[in-house]
Amino acid sequence: MCGIVGYVGKRNAVDIILKGLKKLEYRGYDSAGIAVIVDNELQIRKNVGKLCNLRESIAKNPLSANIGIGHTRWATHGKSSEENAHPHTDSTKSVAIVHNGIIENYIELRAKLQKDGKEFKSETDTEVIVHLIKKHYTDNLLHAVQKTLSEVKGSYSLGIICKDKPSKIVCARQDAPLIIGIGKGENFIASDITALLPYTRDMIFLENDDIAEITSDKIIITDINNNIKGREVKNIQWDAIQAEKDGYKHFMLKEIFEQSRTIEDTFRGRIYPDEGRVCVEEIKIKEEDIKKISNIYILACGTSYHSGLVSRFLFENFAKIPTEVDMASEFRYREPILNENTLIIVVSQSGETADTLAALRLAKNRGCRTLAICNVVGSSMGREARHILYTHCGPEIGVASTKAFAGQLTTLYILALDFAHKRETLTNKELKKYLKELWDVPAKIGEFLKKAESINDIAKVFAHQRDFLYLGRSVNYPVALEGALKLKEISYIHAEGYAAGEMKHGPIALIDESMPIVAIAVESKVYNKMVSNIEEVKARGGTIITVANESDKEIKRKSDHVIYVPKTDEFVSPLVTVVPLQLLAYYIAVLLGCDVDQPRNLAKSVTVE
Ligand code: AGP
């Protein structure tokens, strides 16, 4: 969850690194730093706080070089301080390093190094690496890093420079993403695509155990034993503009408004409603194997977990496959009953979430078939799962996930229909109907978004409340959870999602005029039950904000505020009902002056447990 950028070439590395770090700031931002080589000496600048502090300090005392590495930090070991900020150097200031990940055996390594007389300036795990590199360094930086990493256990993506080798960056990757950007007479490294897009679309996604040496015109990729490894160059089609805010106040708002396109991009080339055809050959699961699937486990965290909860209804209703959904952090410590016909689906926007990755590896070790649904091409889960199905959301920069949720729901919906088709549990007529329902969703969301401002009016009424309750049933119960998560993670207001049927088993005691209740009551087989829940709340003086279908005039009498959304089949309704909840959270957070795109304590990609 830290951000790394490196550059070697003919341009000023400082500008390129600072711009790259800006794009990665969402990954973590309690401190930032840069190391460059000038006249065979290391120049280091580090600042606590946001990247702008580093930028200002460099503007006051300019720096220019053709090679450098930079870092934005989200603390795991050691508080947020200048000493703990990266880059770290050895005691002779010959080698500098930036690191994302966690070194699991750093305590014993540190003790050994201190016994050898090494002095440590920081509390970080990272510092042990740079001291080890210096210890192993004779005249070849790549070999020193190889030797060092043979002693190190844990996760890392590393960028390393050495004042004696002013034309080389060495980098390495183990369970934390690192990408090489290939330029003309210049090369780059970065934690993710968005930092590289302004300069190149040709990228190499390093894999575990890769250690690379990069100059302005050469890239050598090896392993710890100096065996040369070949890696494919991928041409990334993300438009650089996609990663910008293009006129929106926040990435989050831009990404909420991008959801129609996300859904279209995700189903394009995969569904043909008129023909009743689904095409997800990219998952490369044979039809006879799909027929053999005995049960499905969906494993994920946070918002991705909520999309998994929705998809349970899809796999069970469409494909008649028993489906369980579990938080990845819990699944890892259960004794789940799995067999070779169990399909494990991991859902992850980043493809790097540590708990989900660990759950995937556990399932693989247990012999299960594994399928990853990810948004980031070349991510760990995308490469480690046996099968992969990418959402096509483009970069999601806002820490609060919105369009990724839409991409995940769309992908899971298509997958469930593909399985249903191959297992013949839906007629062709039913398949066409459900495909058409999905096909029509982007336009319906676009319609709804035209009145987004009306949600701001509701936000103004409730922005200063301290507690919210979100209620839903069936496929919209996970949407209630998601709506609550959005509110709490960007506005810091306590919010809880609840299955509406559970109200009478305790939570109804909470109801009073100071707690707004958001209820999702769109047309479905549980609509009448939802209306009863709304009446129960009303009868106890609760304040109700209802999400309902435009044709439902009756609901107005029972609610204090109604947010009307276009009608859809209930199985695709979460794609639509979540949008007003995303906007409600967004507008409340803006009214409260919160840092919407980079909420406190959070990082976009949680690559530690
Ligand atoms: C959601 O808004 C949060 N950013 C968080 O819950 C996120 O969904 C979770 O950390 C999982 O991330 P992933 O999809 O990248 O695995």
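Use the structure listed above.
What counts, and at which threshold
- Residues numbered from 1 in each chain as written.
- Predicted model: local features only at pLDDT ≥ 70, side-chain atom pairs only at ≥ 80, totals over all residues.
- Heavy atoms only, no water.
- Axes fitted to C-alpha atoms, helices over the stretch in contact; angles between N-to-C directions.
- Helix = DSSP H or I, 4+ residues; strand = E, 2+ residues; numbered from the N terminus.
- Parallel < 35°, antiparallel > 145°, perpendicular 65-115°, else oblique.
- Left-handed = near helix turned anticlockwise from the far one by under 90°.
- Contact = heavy atoms within 4.5 Å.
- Nonpolar A, V, L, I, M, F, W, Y, C, P; charged D, E, K, R; others polar.
- Core = buried A, V, L, I, M, F, W, Y, C linked by side-chain atoms within 4.5 Å.
- Buried < 20%, exposed > 50% of the residue type's maximum accessible area, 1.4 Å probe, protein only.
- Pairing = 2+ DSSP bridges.
- Near = heavy atom within 4 Å.
- Polar contact = N/O pair within 3.5 Å; in protein donor to acceptor, adjacent residues only side chain to side chain.
- Areas by Shrake-Rupley, 256 points an atom, 1.4 Å probe, with all protein chains shown as cover.
- 1 Å grid on protein atoms, 1.4 Å probe; cavity = no way out; pocket = protein on both sides within 12 Å on 5 of 7 lines; lining within 4 Å.
- Sits in = over half its atoms within 2 Å of the grid points.

**Student:** Where do I start with the packing of helix α14 (residues 428-449) against helix α19 (residues 573-591) in this structure?
**Tutor:** When two helices pack together, you describe them by how their axes are tilted relative to each other and by the distance separating the axes. The contact between α14 and α19 brings their axes to 9 Å, and the two run at 25°. The orientation of α14 relative to α19 falls into the category roughly parallel. The chirality of how α14 crosses α19 is right-handed. Contacts between α14 and α19 involve Leu 438, Val 441, Ile 445, Phe 448 and Leu 449 from the first element and Leu 575, Val 576, Val 579, Pro 580 and Leu 583 from the second. Looking at the contact of α14 with α19 residue by residue, the classes come out as 10 nonpolar, no polar and no charged.

**Student:** Whenever I open this one, the nonpolar core confuses me. Can you help?
**Tutor:** Most often, soluble globular proteins have nonpolar side chains that are buried together. Core analysis: the largest hydrophobic core is formed by 91 residues, its most contacted members being Phe 318, Ile 345, Phe 419, Tyr 470 and Leu 583. Considering each element in turn, this core owes the most residues, 12 residues, to α19. Counting residues in each nonpolar core, the second largest holds 28 residues, with Ile 17, Val 36, Phe 188 and Trp 238 among its members.

**Student:** Would you mind showing me how to read the sheet that holds strand β4 (residues 67-73) here?
**Tutor:** Either a parallel or an antiparallel arrangement is found when strands of a sheet pair, and the pairing is made through backbone hydrogen bonds. Here we have 8 strands laid out as an open sheet, ordered β3-β2-β4-β1-β10-β9-β11-β14, and antiparallel in their pairing. Unpaired on one side and paired on the other, β3 (41-48) and β14 (234-235) mark the two borders of the sheet. Two elements, strand β1 (residues 3-8) and β4, share 6 bridges in a ladder whose sense is antiparallel. Residue pairing across strands places Val 8 opposite Ile 67, the latter belonging to β4. The strands touched by helix α1 (residues 13-24) are β1, β2 (31-38), β4 and β10 (187-190); relative to β1, the strand with the most contacts, the crossing angle is about 155°.

**Student:** When you look at the site of the ligand in this model, what are you seeing that I'm missing?
**Tutor:** The immediate surroundings of the ligand are formed by 14 residues, with Ser 304, Ser 348, Ser 350, Thr 353 and Glu 489 found nearest. Interatomic distance of 3.1 Å between a backbone N/O atom of Thr 303 and an oxygen atom of the ligand. Between the ligand and the protein, one listed contact pairs an oxygen atom with a side-chain N or O atom of Glu 489 at 2.4 Å. Protein chains bury 91% of the 410 Å² of accessible surface belonging to the ligand in isolation. Given that more than half its atoms are within 2 Å of the pocket grid, the ligand belongs to the largest pocket. Taken together, the elements giving at least two residues each to the shell around the ligand come down to α9 (302-318) and α16 (477-491). Class assignment for the residues of the shell around the ligand results in 4 nonpolar, 8 polar and 2 charged.

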